[in-house]
Amino acid sequence: MINTAVILAAGLGSRIRERTGEHPKGFLLIEDEPIIEISIQKLLEAGVTKIYLGTGYMKQDYENFALKYPQIECFHNEKFNSSGSMYTLYQLKDVIKTDFLLLESDVIYEKSALKDLLECEDANCILASGLTGSGDEVFIEADEHHQLLHMSKKREDLNDIYAELVGITKLSWKTFQQMCLCVEKFFSTDLTLDYEHGLVETAKTEKISVLKRNNLVWCEVDDEQHWSRAVSIVYPLIKAREQVPTLVKRNVLLNPGPATTTDTVKYAQVVPDICPRETEFGEVMEYISKELTKLAGHPEEYTTILFGGSGTAAVESILSSVVESEKAVLIINNGAYGKRMCQIAEIYGLHYLVYESAPDQPLDIQELEEVIEASSQKVAYLAIVHNETTTGLLNPLEAVGAICKKHRITMIVDAMSSFAAIPIDVNQMNISYLAASANKNLQGMAGVSFVIANKVQLEKTREIKPRNLYLNLYEQYLSFIHTKQMRFTPPVQTLYALKQAIIETKWEGIHNRYERYSKSWETLIEGINRLGLDYLVPKNCHSKIITSIIEPVHPNYNFNKMHDFFYENGFTIYPGKLDKQSTFRVANIGNITSKDMERFIALLESYLNRIKGGDSNS
Ligand SMILES: *Cc1c(COP(=O)(O)O)cnc(C)c1O
């Protein structure tokens, strides 16, 4: 049982000095608490009873702070100005008599980090994570047994990058003694060695393992960029994760939304009752609106208008609010959601034209442009679905956007099932209005949809006579910027969940999310091919988000029975939505990984074997 910790806190923190003032980095405040104290409380909770605090720059601050905690003993590195963290640690050579945890003073981490390290059986163990891309990372190279080989801030120094250093390490007393001997030869000429290099040198003779935790939430704070990420993403996420009271039964939803959510998103809905007209709630909605805008564009040019309602509400809001009555809108129809836009246009009596295209073939851009040019009435608006959820067909937004730009057409996009997974740049793609919702790739709860609108375009729609009350886009926008409220009762708890889902989306990053989804998709496709099944849309125009799988031809096959078999096993699949082909659908969105997809394929295999074995009740 380890009960000793060492925190290296001698550094100057010069890259964030403007924020720290004349104090060490450990005294940066999150919710009025110094980050060093947040760390110390986690250590004490994990059973640590003795903490050595290695001081240097402004040591008086730490010495005053230590008066609060009898467990803390400060030790000073006199040469902190001209030496590195290894030299600070070296001061403890004859003081420490046990195994210990070694921490950097500016790491913000979740409790499980300490637990994982303490439970690891290896005597020497470096905690590591997947790559965070946060800037100033220390990369780790390890051998096939996950033993430390090398660490560096420069990628090119390493043959292969296995993980990223977190800044929390477990060391045995014996290895620490070895480490001190090992670095003495450097100290005769140079004291600036950092402890990472000390570890790398020591790893040449001692076994030091690397414990990689892909999902660990943590960060360090070296500069302003780190700090804003710490305060807006990392710390709120850690807090939410540590507050989950009990795990909720996990179902894997392979329907195209609502998707599988994290427990932190589920529990974000459990909040004190609040009237949505309170300023505090207005700020929640303002945060959501602004952050959603930032996922696809710049808040100076674009704004996000929120509605209580499912995704269709947002699509209906755009079409009913922005199309001038004497002008024509061209709707691209290559699936059920394109058809739904036609239905909306019909109901509102809009002047609309339809461009029909096959649901399983790429859009013919050239033909589309010819249709626009040949149209007897000028096409003023174009409406398109990005990812046709009917089949997984991905429409080429960039190319269509370029056509719209050339012909001065206002572009409307239903990005319901692509937003927050497939990167979208509304400005670059020339999109004026985009509709999406909370419960698909954002991995939030159902009940909120939204429109990302170009502000200049939106402002022009004020002249259009409203065709409805609840869904009028301009009224909803105007009211929100004046009052920070929705005009009608919003789904309060769903919005809290959406705020949490946005934080988690920012933590993962849209590119990484799409990479995770794509990996699940590759696993799905390999699996169904191995089982002799085929899917509809060619790979080069496939969204890799939802897949229409062609149903097996077998007298014992029955979609509903197959659905029930999966449902009993915690998986939900979805029926097909095509007239001409018998398909069923599998989406790979939400908080799931390729491991879940492997389990799905194994179940599918056993189901197919059962019906082939003559079991018609399957
Ligand atoms: C999910 C979805 C919608 C909205 O459906 P709702 O049931 O109203 O949430 C609209 N368009 C596309 C492409 C979708 O995938």
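In this text, all values refer to a predicted model and were calculated from it rather than measured experimentally.

What follows concerns a nonpolar patch on the surface. Taken together, the side chains of Leu469, Tyr470 and Phe488 make up a nonpolar region of the molecular surface, amounting to roughly 290 Å² of accessible area. Within the secondary structure layout, phenylalanine 488 lies in the loop between α16 (473–483) and α17 (492–508).

Below, the discussion takes up the side chain of aspartate 414. Looking at the element boundaries, aspartate 414 is found in strand β21 (residues 410–414). This buried residue, aspartate 414, is left without a salt bridge; lysine 440 holds the nearest opposite charge, at 6.8 Å. The residues contacting aspartate 414, other than those within four sequence positions of it, are Val315, Tyr337, Met341, Ile384, Val385, His386 and Ala435.

On to the pattern of salt bridges. Considering all chains together, one arrives at 32 salt bridges under this definition. Close ionic contact of aspartate 106 with lysine 25 constitutes a salt bridge, the shortest N to O distance being 2.7 Å. Of this pair, aspartate 106 sits in the loop between β6 (100–104) and β7 (107–109) while lysine 25 sits in the loop between α1 (17–20) and β2 (29–30), placing them 81 residues apart in sequence. Glutamate 508 is the salt-bridge partner of arginine 513, the closest N and O atoms lying 2.8 Å from each other. Glutamate 508 matches arginine 513 in its accessibility class, with the two residues each being buried. One network of salt bridges, in which partners are shared, links Arg15, Lys25, Asp106, Asp136, Lys153 and Asp222.

Moving on, we come to a negative patch on the surface. A surface patch of like charges, here negative, comprises Asp364, Glu367, Glu370 and Glu373. Secondary-structure assignment places aspartate 364 in the loop between β17 (351–356) and α13 (365–374).

Let's shift gears to the domain arrangement of the chain. We note that the domain assignment places domain 1 (4–236), domain 2 (263–508) and domain 3 (510–612) within the chain. Centre-to-centre separation of domain 1 and domain 2, based on C-alpha positions: 45 Å. Summed over the three residues of domain 1 that lose the most area to domain 2, namely Ser232, Ile233 and Pro236, the buried surface amounts to 66% of that side. The tally of links between domain 1 and domain 2 comes to zero salt bridges. Along the contact surface separating domain 1 from domain 2 lie zero residue pairs in polar contact (both at pLDDT 80 or more). No other element matches the five residues that helix α8 (residues 224–242) contributes to the side of domain 1 that touches domain 2. Of the residues in the side of domain 1 that touches domain 2, the class split is six nonpolar, one polar and one charged.

Before going further, it helps to examine the layout of surface pockets. If you add up the space inside the largest pocket, you get close to 1700 Å³. Asn214, Asn215, Trp507, Glu508 and Arg516 are, among the 45 residues lining the largest pocket, the residues nearest its centre. Secondary-structure elements contributing two or more residues to the lining of the largest pocket are α5 (111–119), α8, α9 (263–267), α17, α18 (510–530) and α20 (594–612). Top element by residues in the lining of the largest pocket is α18. It accounts for five residues. Tallied by class, the residues present in the lining of the largest pocket amount to eleven nonpolar, 17 polar and 17 charged. Its volume calculated, the second largest pocket comes out at about 970 Å³. Around the second largest pocket, the lining is made up of 38 residues, and of these Ser85, Lys153, Asp194, Glu196 and Asp222 lie nearest the centre. Where the lining of the second largest pocket is concerned, the elements lending two or more residues are β1 (4–9), α4 (85–90), β10 (148–152), β11 (163–171), α7 (195–202) and β13 (218–220).

Time to look at the packing of aromatic side chains. For the coordinates displayed, the defined rule picks out 18 aromatic pairs. Between phenylalanine 27 and tyrosine 62, the aromatic rings sit 4.9 Å apart at their centres with planes inclined by 45°, giving tilted as the arrangement. One end of the pair, phenylalanine 27, is in the loop between α1 and β2; the other, tyrosine 62, is in helix α3 (residues 59–66), with 35 residues separating them in the sequence. We classify tyrosine 62 as buried; its relative accessible area is 0%. Among the aromatic residues, those joined into a ring-pair cluster are Phe565, Phe566, Phe571, Phe600 and Tyr607. Residue placement shows lysine 440 over the ring face of tyrosine 337; its charged tip is 5.8 Å from the ring centre.

Formed by 66 residues in total, the largest nonpolar core has its most connected members in Leu292, Leu368, Leu382 and Phe419. If you tally residues by element for this core, the top one is α8, at seven residues. Among the domains, domain 1 (4–236) and domain 2 (263–508) are the pair contributing at least three residues each to this core. Setting aside residues up to four positions removed in sequence, leucine 292 forms contacts with Thr304, Leu306, Phe419, Leu442, Phe450, Ile452, Leu498 and Ile502. Of all hydrophobic cores here, the second largest spans 35 residues; its members include Leu89, Tyr90, Leu193 and Leu199.

Another aspect to go through is empty space enclosed by the protein. Scanning all chains against the criterion turns up two cavities of 30 Å³ or more. Within this model, the largest cavity holds a volume of roughly 80 Å³. When contributions to the lining of the largest cavity are tallied by element, the ones reaching two or more residues are β15 (302–308) and α16. Its boundaries defined by the atoms lining it, the second largest cavity holds a volume of some 30 Å³. Forming the walls of the second largest cavity are Val315, Ile318, Leu319, Met341, Ile412, Val413, Asp414 and Ala435. Breaking the lining of the second largest cavity down by element, the ones donating at least two residues are α11 (311–322) and β21. In the lining of the second largest cavity, the residues fall into seven nonpolar, no polar and one charged.

The residue leucine 253 is located in strand β14 (residues 252–253) in this model. The spatial distance from the C-alpha of leucine 253 to the C-alpha of phenylalanine 571 is 5.8 Å, given a sequence separation of 318 residues.

Further remarks concern unusual backbone geometry. In this structure, the amide linkage connecting glycine 257 to the following residue, proline 258, adopts the cis form with an omega of -10°. One can find proline 258 in the loop between β14 and α9. The backbone of aspartate 136 sits at a positive phi, close to 65°, despite the residue not being glycine. You can see aspartate 136 is positioned in the loop between β8 (125–129) and β9 (139–142). Look at aspartate 136 and you get partly exposed, because its relative accessible area is 24%. One non-glycine residue, arginine 408, adopts positive backbone phi at about 50°.

With that settled, consider the side chain of serine 320. Among the secondary structure elements, serine 320 is positioned in helix α11. Judged by its relative accessible area of 1%, serine 320 is buried. Not counting chain neighbours up to four residues away, the residues in contact with serine 320 comprise Tyr348, Arg467 and Asn468.

Rules used throughout
Residues numbered from 1 in each chain as written. Predicted model: local features only at pLDDT ≥ 70, side-chain atom pairs only at ≥ 80, totals over all residues. Heavy atoms only, no water. Patch = residues over 30% accessible without salt bridge, like charges linked within 9 Å, V, L, I, M, F, W, Y side chains within 5 Å. Areas by Shrake-Rupley, 256 points an atom, 1.4 Å probe, with all protein chains shown as cover. Salt bridge = Lys/Arg side-chain N within 4 Å of Asp/Glu carboxyl O. Helix = DSSP H or I, 4+ residues; strand = E, 2+ residues; numbered from the N terminus. Buried < 20%, exposed > 50% of the residue type's maximum accessible area, 1.4 Å probe, protein only. Lys, Arg positive; Asp, Glu negative; His and termini not counted. Contact = heavy atoms within 4.5 Å. Charge placed at Lys NZ, Arg CZ, Asp CG, Glu CD. Domains from an automatic or database assignment. Buried area = accessible area lost by both parts, 1.4 Å probe. Polar contact = N/O pair within 3.5 Å; in protein donor to acceptor, adjacent residues only side chain to side chain. Nonpolar A, V, L, I, M, F, W, Y, C, P; charged D, E, K, R; others polar. 1 Å grid on protein atoms, 1.4 Å probe; cavity = no way out; pocket = protein on both sides within 12 Å on 5 of 7 lines; lining within 4 Å. Points joined across faces, edges and corners; volume = space filled by probe spheres on them. Phe/Tyr/Trp six-rings, centres within 6.5 Å; stacked < 30°, edge-to-face > 60°. Lys NZ or Arg CZ within 6 Å of the ring centre and 35° of its normal. Core = buried A, V, L, I, M, F, W, Y, C linked by side-chain atoms within 4.5 Å.

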